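For reference, the chains in residue letters:
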Amino acid sequence: MKIGIAGLGAIGLHVAQELDRGGIPGCELAGISARTADRAAEANATLSKPAPVYSLSEIADHCDIVVETLPPQLFMELAVPTVEAGKELIVLSASQLMGQQALFDRAAETGAKILIPSGAILGLDAIKGAAVGNLESVVIETRKPVAGLAKAPYVIDNNIDLSNLTEPKLVLGGAVTDVAKVFPANVNVAVAVSLAGYGTDKTRMEVWADPSLEKNQHTVRVVSDSSDFTMTIQNRPTEENPATGKITALSVIAMLRQKTSVLQVGT
């Protein structure tokens, strides 16, 4: 399968390099797309075989699967032509799928598929299974070190004092739909959890400032008629970007490897 990478930050470059070294059987790097020609050249300089460089609007014409790791404002520039081409789109900017029913409807017409890897969150398979029955509540709780929240626009605009905290403080809570409007950071993981089961209107998100933490922590709590479960993950950051967890790129690689594997584990 021919794989394209749109966006060459910590995630996209890692996936491109894995493809380049032959680490994803049955897949080859068929093209890349970056915000600037210089960034594309920098990325190609790290590969043993430079990949063709395409615009966001044309990369899908040369690939079977396009991996999206773009800034949110560029998402639709890639998503629309990829869906129109009837190709598979692996989405890391899951928050940009909110309110995009027209994109889903068009994908159904063209045969395109929109895939969301696990990324920085866990347990999506369990949520999908529970959602076949009846979900009663799904809550995703994001706890961040105080320094990681102190300069957030929502905190500043609402004069929330996070200085001298000695215990965790709830900064914001509500439906994912509402939280996403005022606090876009970390909403990608919440939207992925929501789309796996209860939807963004019923899934609750809580953002906490926690002075005891050094890394971001996500906890998902699910109550359903089949099972109740709680899952917690703390992600180690990449060397290239402290805001990006190492496991995010690895989850994309795992998804691509599963495409050609004779054994598939998990829902």
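Details of the structure are given in the entry above.
Here goes a summary of the coordinates provided.

Reading the values: rules and limits
Residues numbered from 1 in each chain as written. Predicted model: local features only at pLDDT ≥ 70, side-chain atom pairs only at ≥ 80, totals over all residues. Heavy atoms only, no water. Buried < 20%, exposed > 50% of the residue type's maximum accessible area, 1.4 Å probe, protein only. Helix = DSSP H or I, 4+ residues; strand = E, 2+ residues; numbered from the N terminus. Pairing = 2+ DSSP bridges. Right-handed = clockwise from strand over helix to strand, strands pointing away. Axes fitted to C-alpha atoms, helices over the stretch in contact; angles between N-to-C directions. Contact = heavy atoms within 4.5 Å. Salt bridge = Lys/Arg side-chain N within 4 Å of Asp/Glu carboxyl O. Parallel < 35°, antiparallel > 145°, perpendicular 65-115°, else oblique. Left-handed = near helix turned anticlockwise from the far one by under 90°. Nonpolar A, V, L, I, M, F, W, Y, C, P; charged D, E, K, R; others polar. Core = buried A, V, L, I, M, F, W, Y, C linked by side-chain atoms within 4.5 Å. Polar contact = N/O pair within 3.5 Å; in protein donor to acceptor, adjacent residues only side chain to side chain. Phe/Tyr/Trp six-rings, centres within 6.5 Å; stacked < 30°, edge-to-face > 60°. Lys NZ or Arg CZ within 6 Å of the ring centre and 35° of its normal.

A look at the pairing of strand S3 (residues 65–68)
Next, step 1: Both faces of S3 are covered, namely the face carrying Ile65 and Val67 and the face carrying Val66 and Glu68.
Next, step 2: As judged from the four bridges shared by strand S1 (residues 2–6) and S3, these two strands associate in the parallel manner. Bridging across to S3, glycine 4 finds its partner in valine 66.
Next, step 3: In this sheet, strand S4 (residues 88–91) lies alongside S3 in parallel orientation, the contact comprising four bridges. What sits directly across from valine 67, in S4, is isoleucine 90.
Next, step 4: A crossover connection joins S3 to the parallel S4 through helix H3 (residues 75–84); in handedness this β-α-β unit is right-handed.

Quick word on the sheet that holds strand S7 (residues 169–175)
In a beta sheet, neighbouring strands pair by backbone hydrogen bonds and run either parallel or antiparallel.
Next, step 1: Spatially, S7-S8-S6-S9-S10 is the arrangement adopted by the five strands of the open sheet, whose pairing is mixed. Edge positions in the sheet fall to S7 and strand S10 (228–234), since each of these pairs with one other strand and no more. Put simply, the sheet's adjacent strands are angled 15° from each other on average, direction ignored.
Next, step 2: Sheet topology places strand S9 (residues 217–224) next to S10; seven bridges connect them, and they run antiparallel. Along S10, the bridge assignment pairs glutamine 217 with glutamine 234.
Next, step 3: Of the strands in this sheet, strand S6 (135–144), strand S8 (204–209) and S9 are in contact with helix H9 (residues 187–196), which crosses S6 at around 165°.

Examining the pattern of salt bridges
Next, step 1: Summed over the entire model, instances satisfying the criterion amount to eleven salt bridges.
Next, step 2: One salt bridge connects glutamate 88 with lysine 259, and the closest N-O pair in it is separated by 2.6 Å. Highlighted residues: glutamate 88 in strand S4 and lysine 259 in helix H10 (residues 246–260), separated in sequence by 171 residues.
Next, step 3: Residue aspartate 210 pairs with arginine 143 through a salt bridge whose shortest N-O separation is 3.3 Å. Linking aspartate 210 in the loop between S8 and S9 with arginine 143 in strand S6, this pair joins segments that are 67 residues apart in sequence.
Next, step 4: When salt bridges that share partners are traced, they join Glu141, Arg143, Asp210 and Arg221 into one network.

Focus: the packing of helix H1 (residues 10–20) against H10
Next, step 1: Direction vectors running N to C along H1 and H10 enclose 40°, while the axes themselves pass 8 Å from each other. What the angle tells us is that H1 and H10 run oblique. Relative to H10, the crossing made by H1 is right-handed. Across the interface between the two elements, Ile11, His14, Val15 and Glu18 from H1 touch Thr248, Ala249, Leu250, Val252, Ile253, Leu256 and Arg257 from H10.
Next, step 2: Counted by class, the contact of H1 with H10 contains seven nonpolar, two polar and two charged residues.

Things to note about the nonpolar core
Next, step 1: The biggest cluster of nonpolar side chains holds 36 residues, and the ones touching the most others in it are Ile121, Ile127, Ile140, Val171, Phe183, Val193 and Val220.
Next, step 2: For this core, the element with the highest residue contribution is H9, accounting for seven residues.
Next, step 3: The contact partners of valine 193, leaving out residues within four places of it in the chain, are Ile121, Leu124, Ile127, Val138, Ile140, Thr203 and Val220.
Next, step 4: By size, the runner-up hydrophobic cluster in this structure holds 25 residues, among which are Leu47, Leu115, Ile253 and Leu256.

With respect to the sheet that holds S3
Next, step 1: Here we have five strands laid out as an open sheet, ordered S2-S1-S3-S4-S5, and parallel in their pairing. Unpaired on one side and paired on the other, strand S2 (28–33) and strand S5 (113–115) mark the two borders of the sheet. Sheet twist, expressed as the mean angle between neighbouring strand axes with direction ignored, is 20°.
Next, step 2: In the sheet, S4 pairs with S5 via three bridges, with the strands oriented parallel. Bridge assignment links glutamate 88 to a residue of S5, and that residue is lysine 113.
Next, step 3: Lying over the sheet, H1 contacts S1 and S2, oriented at roughly 155° with respect to S1.

Here's the deal with the side chain of threonine 177
Next, step 1: In this fold, threonine 177 is placed in helix H8 (residues 176–182).
Next, step 2: Side chain to side chain, threonine 177 and aspartate 201 meet in a polar contact 2.6 Å long.
Next, step 3: If we ignore the near neighbours within four places in the chain, the residues touching threonine 177 are Met98, Thr200 and Asp201.

Overview of H10
Next, step 1: Burial in H10 covers these residues: Thr248, Ala249, Ser251, Val252, Ile253 and Leu256.
Next, step 2: Of the surrounding elements, those touching the buried residues of H10 are S1, H1, S3 and S4.

Things to note about the packing of aromatic side chains
Next, step 1: What the rule picks out here adds up to one aromatic pair.
Next, step 2: Plain terms: the ring middles of tyrosine 154 and phenylalanine 183 are 6.2 Å apart, the flat faces sit at 75° to each other, and that makes the pair edge-to-face. Remark: phenylalanine 183 occurs in the loop between H8 and H9 and tyrosine 154 occurs in helix H7 (residues 153–157); sequence separation between them is 29 residues.
Next, step 3: For arginine 143, the ring lying beneath its charged end belongs to tryptophan 208, and the centroid distance is 4.5 Å.

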